[in-house]
Amino acid sequence: MKMTVVARVLISVLVVVLTARVSMCFRRNVTAEKIMERNFRKTVQLSDKFNCGPPQKRTIYLHEIVGEEVWKTEYMEKIESVHPYSVVLHRCENAGCCEKYNERCKSANETEVTLTFMYIRKSSGSTSTYEYRTHQAKNHTLCECQIISDKQIK
Ligand SMILES: *[C@@H]1O[C@H](CO)[C@@H](O)[C@H](O)[C@H]1NC(C)=O
Ligand SMILES: *[C@@H]1O[C@H](CO)[C@@H](O)[C@H](O)[C@H]1NC(C)=O
Ligand SMILES: *[C@@H]1O[C@H](CO)[C@@H](O)[C@H](O)[C@H]1NC(C)=O
């Protein structure tokens, strides 16, 4: 009988100690959590303010329009300079946030624009010659979030 009472007391003491330990482990740092929550809300706001929608202005370089390979083989050696070397067109890439991690802002419609550049040729003499050349470039007119992989995080 006496042994049972002692055992009971011991067990309750053990339970109290264990509970205290467990609650210590799980007690959260409320201050730290509040700071993190506030920062999280700010981050979400940043994302919400800039949704994928209208295409954005981007600087596009002539070598991107012509194509890197063609530019290297056909232009770089023969051309002294070109004007203008970059133009502003509209693009969807990185032009806004999408809801899901496996979506990206992509072009849903685009037009071809005709651009004319002045190429100044390399010359051995004192007079340089120039010519106009026309290139077609894409201009995005509509963006939408498109799935880039099958993986879902939900
Ligand atoms: C709780 O978090 C704050 C901010 O990160 C920190 O300054 C403080 O020392 C933390 N307190 C405990 C008890 O860990
Ligand atoms: C895409 O653009 C073309 C030319 O601007 C337009 O005729 C066509 O209706 C557009 N399509 C969509 C789906 O918006
Ligand atoms: C490109 O498209 C945008 C609309 O997305 C339009 O505002 C802009 O004028 C277009 N640029 C050219 C050079 O056509």
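Structure's up top.
Residues numbered from 1 in each chain as written. Chains lettered and ligands numbered in written order. Predicted model: local features only at pLDDT ≥ 70, side-chain atom pairs only at ≥ 80, totals over all residues. Heavy atoms only, no water.

**Brief notes about the pairing of strand β3 (residues 86-91)**
What counts is decided by this rule: Three labels apply to residues, based on accessible area from a 1.4 Å probe with only protein chains included: buried if under 20% of the type maximum, exposed if over 50%, partly exposed otherwise in between. Only DSSP runs of H or I covering at least 4 residues are called helices, and only runs of E covering at least 2 are called strands; the numbering of each starts at the N terminus. In this scheme, strands are said to pair when DSSP sees at least two bridges between them.
By the alternation rule, side chains of β3 split into V87, L89 and R91, which are all buried, and S86, V88 and H90, of which none is buried. With 6 bridges joining them, strand β1 (residues 56-61) and β3 adopt antiparallel strand pairing. By the bridge assignment, T59 is partnered in β3 with V88.

**Regarding the packing of aromatic side chains**
Heads up, the rule is: Aromatic rings from Phe, Tyr and Trp, taking only the six-membered ring of Trp, are treated as a pair when their centres fall within 6.5 Å; an angle between ring planes under 30 degrees marks them as stacked, one over 60 as edge-to-face, and anything in between as tilted. The criterion for a charge sitting over a ring is simple: Lys NZ or Arg CZ within 6 Å of the ring centre, and within 35 degrees of the ring normal.
Applying the stated criterion across every chain, the model contains 5 aromatic pairs. Between the aromatic rings of W71 and Y75, the centroid separation amounts to 5.3 Å while the plane-to-plane angle is 10°, which identifies the pairing as stacked. Of this pair, W71 and Y75 both sit in helix α4 (residues 68-75), 4 residues apart, which is roughly one turn of that helix. Of the two residues examined, W71 and Y75, each falls in the buried class. Between W71 and Y85, the ring centres sit 5.8 Å apart and the planes meet at 55°, which makes this aromatic pair tilted. A residue pair is termed long-range when its members are at least 10 positions apart, and W71 in helix α4 and Y85 in the loop between β2 (79-83) and β3 qualify at 14 residues. Among the residues examined, W71 registers a relative accessible area of 9% and is labelled buried. An aromatic cluster of at least three residues, connected via ring pairs, comprises Y61, W71, Y75, Y85 and Y119. Seen from the ring of Y119, R133 lies directly overhead, with NZ or CZ sitting 4.9 Å from the centre.

**Structural notes on the site of ligand 3**
What counts is decided by this rule: We call a residue near a molecule or strand whenever a single non-hydrogen atom of that residue lies within 4 Å of it. In protein, a polar contact requires one atom able to donate a hydrogen and another able to accept it; more generally it is a pair of N or O atoms within 3.5 Å, and residues adjacent in sequence count only if both atoms are side-chain atoms. Each residue gets one label: Ala, Val, Leu, Ile, Met, Phe, Trp, Tyr, Cys and Pro are nonpolar, Asp, Glu, Lys and Arg are charged, and the others, such as Gly, are polar.
The environment of ligand 3 is made up of P55, H90, V113, N139, H140 and T141. Within the side chain of N139, one N or O atom sits 2.3 Å away from an oxygen atom of ligand 3. One of the backbone N or O atoms of H140 is found 2.8 Å from an oxygen atom in ligand 3. With 3 residues, the top contributor of residues to the shell around ligand 3 is strand β5 (residues 130-147). Residues that form the shell around ligand 3 fall into these classes: 2 nonpolar, 4 polar and no charged.

**Points about the sheet that holds β5**
Stated precisely, the cut-off is as follows: Fitted lines through C-alpha atoms serve as axes, helices being fitted only where they are in contact, and the angles separating the N-to-C directions of these axes extend from 0 to 180 degrees.
Ordered by their spatial adjacency, 3 strands build an open sheet running β2-β4-β5, and the pairing between neighbours is antiparallel. If you trace the sheet from one side to the other, it starts and ends with β2 and β5, each paired once. Strand-to-strand twist in this sheet, taken as the mean axis angle between neighbours without regard to direction, amounts to 35°. Bridge count for strand β4 (residues 103-121) against β5 is 17 bridges, and the pairing is antiparallel. For L115, the partnering residue across the bridge sits in β5 and is H135.

**What about the nonpolar core?**
This is how the line gets drawn: The definition of a nonpolar core used throughout is a set of buried Ala, Val, Leu, Ile, Met, Phe, Trp, Tyr and Cys residues joined through side-chain atoms within 4.5 Å. Any two residues whose heavy atoms approach within 4.5 Å are treated as being in contact.
Ranked by internal contacts, the top residues of the largest apolar core, which has 14 residues, are L62, I65, W71, V82, V87, F117 and Y119. Of all the secondary structure elements, the ones that give two or more residues to this core are α3 (62-66), α4, β2, β3 and β4. Leave out the neighbours within four places in its chain, and I65 touches I60, V87, L115, F117, H135, Q136 and A137. Counting residues in each nonpolar core, the second largest holds 6 residues, with C52, C92, C98 and C105 among its members.

**With respect to the side chain of H140**
Along the chain, the position of H140 falls in strand β5. Engagement of the side chain of H140 in a polar contact is seen with the backbone nitrogen of C92, the distance being 3.0 Å. Polar side-chain contacts of H140 include one of 3.3 Å to the side chain of E110. Not counting residues up to four positions away in its chain, the partners in contact with H140 are P55, H90, R91, C92, E93, S107, N109 and E110.

Remember that the coordinates give geometry; whether it matters functionally is a separate question.
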